[in-house]
Amino acid sequence: MLINSGESGPQWAQDVNVRRALALAIDKEALVSAVGDPSYYVPLNGYIPNGMMGAEKDFREESDEVEKFLEYDPETARQLLAEAGYDENNPLHITYKYSQTTLHADVAQVLQGMWAAIGVECDLEVVESGVYYSQIFNGDFEIARYGYAASDDPSQYLSLWTTTQQQVAAVDDPEYDRMMDEVSYIADYDEYMQAMHDIEHYLVQDQVYLIPLFNYGDPMLKKTAVQGVVTSGSTPFYGYCTITE
């Protein structure tokens, strides 16, 4: 989910604590349970999705203590809103935009309810799927559903939010641009991947430019006799597997 903190965005989106409050109000476990099968919709605890390789294993599982960004904390969310000047007498009012499908409508309604629980008034704006992304790319939104898929390297996701590469002009942060520029000169692969983690942390946990919600899973059955299956991102590849029975 993308917050428009750029030039075309609303004033409230310029405040990182307001962005953080909206994120902390979301119970991702409850969200995925409400919208579908939890084996298909998997809560996403960072921006880089599950299944993307890091230095030695899954990018999401590389740290000794796997960090969950922006964990559900409605009390802190209310406090942050109050510190920003929003309360019962002056509620935060936002508009959430989404494309016209059943899943996205369900997600929008669940989010609306979770934000209402911390005193945020949320209007839902549904847009026909054929024109949705043209509006998003033009910056015509406050907060909106936004998905992306890639399979090769975390930089494919992270580079989207530099001022020179983003299709959606929603992030305007010279420090982020500097971090992404510097990482391109790192030759050591382990050091490079650590820098990717640091950049993701800055983008999501520190600045809350994005609010990760869930992965689309793709459950498959595999016999135990099939060994050596590898993945490219989250896609299994059977070209080099062996059968042991």
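Everything quoted here is computed from the prediction, not taken from an experiment.

(A) Summary view of the pairing of strand 3 (residues 93-99). Summarising burial for strand 3: 5 of the 7 residues are buried, a large majority. As defined by bridge partners, strand 3 adjoins strand 4 (residues 121-127) across 7 bridges and the pair is classed as parallel. Of the residues in strand 4, the one forming a bridge with H93 is E121. Examined bridge by bridge, strand 3 and strand 5 (residues 143-144) share 2 bridges and lie parallel to one another. Bridge assignment links Y96 to a residue of strand 5, and that residue is I143.

(B) Fine view of helix 3 (residues 74-83). When we look at burial in helix 3, the residues that qualify are A77, L80 and L81. The buried residues of helix 3 occupy an angular sector of 100° when projected down its axis, which confines them to one face. Those residues of helix 3 that are buried lie in contact with helix 1 (16-24). Note on helix 3: the residue one or two positions beyond its end, G85, has a positive phi of about 95°.

(C) Geometry of the sheet that holds strand 1 (residues 2-3). The mixed open sheet is built from 4 strands, whose spatial order is 1-5-3-4. If you trace the sheet from one side to the other, it starts and ends with strand 1 and strand 4, each paired once. Packing of helix 4 (residues 102-116) onto the sheet brings it into contact with strand 3, strand 4 and strand 5, and relative to strand 3 it is tilted by some 165°. Sheet strands touched by helix 5 (residues 129-137): strand 3, strand 4 and strand 5. Its angle to strand 3, the strand with the most contacts, is close to 130°.

(D) Here's a closer look at the pattern of salt bridges. Enumeration over the complete set of coordinates arrives at 5 salt bridges. Between K97 and E125 there is a salt bridge, and its shortest N-O distance comes to 3.6 Å. Of this pair, K97 sits in strand 3 while E125 sits in strand 4, placing them 28 residues apart in sequence. The exposure class of K97 is buried, given its relative accessible area of 1%. Close ionic contact of R178 with E182 constitutes a salt bridge, the shortest N to O distance being 2.7 Å. Highlighted residues: R178 and E182, both in helix 7 (residues 174-183), separated by 4 residues, approximately one helical turn. According to the relative accessible area criterion, R178 is partly exposed, its value standing at 36%. Residue classification places E182 among the partly exposed positions, given a relative accessible area of 43%.

Rules used in this analysis
- Residues numbered from 1 in each chain as written.
- Predicted model: local features only at pLDDT ≥ 70, side-chain atom pairs only at ≥ 80, totals over all residues.
- Heavy atoms only, no water.
- Buried < 20%, exposed > 50% of the residue type's maximum accessible area, 1.4 Å probe, protein only.
- Helix = DSSP H or I, 4+ residues; strand = E, 2+ residues; numbered from the N terminus.
- Pairing = 2+ DSSP bridges.
- Arc of directions from axis to C-beta.
- Contact = heavy atoms within 4.5 Å.
- Axes fitted to C-alpha atoms, helices over the stretch in contact; angles between N-to-C directions.
- Salt bridge = Lys/Arg side-chain N within 4 Å of Asp/Glu carboxyl O.

That is the geometry; function is a separate question.
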